[in-house]
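Coordinates in review
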Amino acid sequence: MLRFRIAVGMLVGVTIAVVGAGAAQGKARGGVGVIGNNLILRPDAGGSVIVNGVNDGEYWDQTQAALSAMQARNQQLEQQNARLELDFQRQQQRLCTSVGSTPLYTLQNETAPTNCVVVTHDNTRLFSCASSGLITMWDLTVRPPVAIGSITGHTGAIRALIQSRNSSVLFSGSIASLYVWNLNVQPPLVHTFNTSALSLVLTSDDETLYSGSTAGSVWVWTNAAQHPTKAKELIQSVGPVLSLVLSSDELRLFISSIDGTLAVWNTSIPHEPIFLHWLQDSGAAISALALTPNAQTLFAVVGSDIVVWNTTHAPTPQHTISNAHTTTVYDLAVSSNGDRLYSASGDLTVGVWDLTQASPSLVTRLNGHTDHVLGLTMAHSDDWLITCSADFSVRIWPAVC
């Protein structure tokens, strides 16, 4: 019987074969040959396999020694990689801290506080909205970005702004009206609806729009990007609906209101949402929401606190970041990889929070705005954080944090 004791792990990329007509019966003459990457073994007359001129027992001892040396080297490399990773994290932390007062660009075109910002999905355009009702369009393909036009129509402060997936339709909402702008023509054509829209969220197919009203309800709109039509009213609260967020799989809609209610709806049929449960049915106003990409963690703003909910467990807060800022938090955003949370506040700063640990921890605060930071968003490439403020400006930060 042939005896094979070959450390296969030492022969990566090498094919081992026993050849010779009598190999199966152990009668072939001993020998070894190499053809390309194929190591050819021939048994000797005694049945032992001859490898590189030595019998298999000696070869086994040699390969064991080589394997031990290789394992020791692998351990050294793992330790070196761990040190390099730690050095990288420390360098990133220093870089993140140094960014605090250094926006890449400051865009100044408004004559009133800037309430909200949105970026097109191809990252070529930025829209900012002001309390005067003006919408400014910015070209992000040039450096620095420049204003290339404005859209007027609203007579009061714009509270919400959202863009269609194909970037051809813009939705803007205020305390009195909802406007749907067709950007394929100039000047943009618009559908106008005399209904309040303090918060907006749109499905990825641009078919279904959800709008939060001052009356405490959420309206479901079908055919949103073409001819928006009210399809259903969801009763949420007794006060204005302040924030809406849709899970990345678009199966759940989270709704928060001024009366402290926080509800979850099933949106597997987008135009026919079904109420699931309350995460909270009363309390202090919840003014902003943000959801991680996996939809497992929900962040809710209550005054200057950020409440963290685990959406997969019982409806109790998992953690609260007490006094996340020294005054009101206005808006939240989560990076597309779920590693960072950004918070905009009336204390003139933007908080950057690490989400990679069991509970969020502050990485740094971005300074530069000279008045309340009212809104923020991430560019879809995740390399820019864009903030807007009551100081009439929009600032673009490198999202290295």
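Everything below is about the structure shown above.
Residues numbered from 1 in each chain as written. Predicted model: local features only at pLDDT ≥ 70, side-chain atom pairs only at ≥ 80, totals over all residues. Heavy atoms only, no water.

Focus on the environment of S359
Stated precisely, the cut-off is as follows: Secondary structure elements are taken from DSSP: a helix is a run of H or I of four residues or more, a strand is a run of E of two residues or more, and numbering for both begins at the N terminus. Working definition: with a 1.4 Å probe on protein chains only, accessible area under 20% of the residue-type maximum means buried, over 50% means exposed, and in between means partly exposed. Contacts are assigned to residue pairs with any non-hydrogen atoms lying within 4.5 Å of each other.
Mapped onto the elements of the fold, S359 is located in the loop between β29 (350–354) and β30 (361–366). The class for S359 is partly exposed, based on a relative accessible area of 32%. The spatial distance from the C-alpha of S359 to the C-alpha of V308 is 8.8 Å, given a sequence separation of 51 residues. Other than its neighbours up to four places away in sequence, S359 contacts H319 and D354.

Comments concerning a nonpolar patch on the surface
The following threshold applies: Each patch is built from residues lacking any salt bridge and having more than 30% relative accessible area; the joining distance is 9 Å for like charges and 5 Å for nonpolar side chains (Val, Leu, Ile, Met, Phe, Trp, Tyr). The accessible surface values rely on the Shrake-Rupley method and a 1.4 Å probe; as for residues, cover is taken only from the protein chains in view. One speaks of a salt bridge when a side-chain nitrogen belonging to Lys or Arg is within 4 Å of a carboxyl oxygen belonging to Asp or Glu.
A cluster of nonpolar residues, V142, V146 and I148, forms a patch on the protein surface that exposes about 190 Å² of accessible area. Structurally, V142 is set in the loop between β9 (135–139) and β10 (146–151). With relative accessibility at 31%, the residue V142 sits in the partly exposed group.

Details of the sheet that holds strand β27 (residues 329–334)
Formally: Pairing between two strands is assigned when DSSP locates at least 2 bridges connecting them. Every axis in this analysis is a line fitted to C-alpha atoms, fitted for helices over the stretch in contact. Angles between the N-to-C directions lie between 0 and 180 degrees.
Across the sheet, which stays open at both edges, the four strands sit in the order β27-β28-β29-β30 with antiparallel pairing between neighbours. The sheet is open, and its two borders are formed by β27 and β30, each paired with just one other strand. When strand polarity is set aside, the average angle formed by the axes of neighbouring strands in this sheet is 25°. The pairing of β27 with strand β28 (residues 340–345) spans five bridges and is antiparallel. From the neighbouring strand, D331 faces β28, where its bridge partner is A344.

Side note on the pairing of strand β19 (residues 241–246)
Burial analysis of β19 places five of its six residues in the buried class, which makes it a mostly covered element. In this structure, β19 lies alongside strand β20 (residues 252–257), joined through five bridges in antiparallel fashion. Each bridged residue has a counterpart across the sheet, and for V241 the counterpart in β20 is S257. Once β19 ends, the chain turns through five residues before running back antiparallel as β20, passing E250 with a positive phi of about 60°.

Some thoughts on the pattern of salt bridges
Should their charged atoms come close, side chains of opposite charge can pair. Counting across every chain of the model gives four salt bridges. Close ionic contact of R125 with D139 constitutes a salt bridge, the shortest N to O distance being 3.2 Å. With R125 in strand β8 (residues 125–130) and D139 in strand β9, the pair connects residues that are 14 residues apart, well separated along the chain. On the accessibility criterion, R125 (26% relative accessible area) is partly exposed. By relative accessible area, which is 12% here, D139 ends up buried. The closest approach of N and O atoms between R395 and D391, which form a salt bridge, is 3.8 Å. Taken as a pair, R395 and D391 share a single burial class, namely buried.

Describing the sheet that holds β20
One open sheet holds the four strands; their spatial order is β19-β20-β21-β22, and the pairing between them is antiparallel. In the strand order of this sheet, the two ends are held by β19 and β22 (274–281), each with one partner. Neighbour-to-neighbour, the strand axes of this sheet turn through a mean angle of 20°, independent of strand direction. Relative to strand β21 (residues 261–266), β20 runs antiparallel, the two sharing five bridges.

Function cannot be inferred from these measures alone, as they are strictly geometric.
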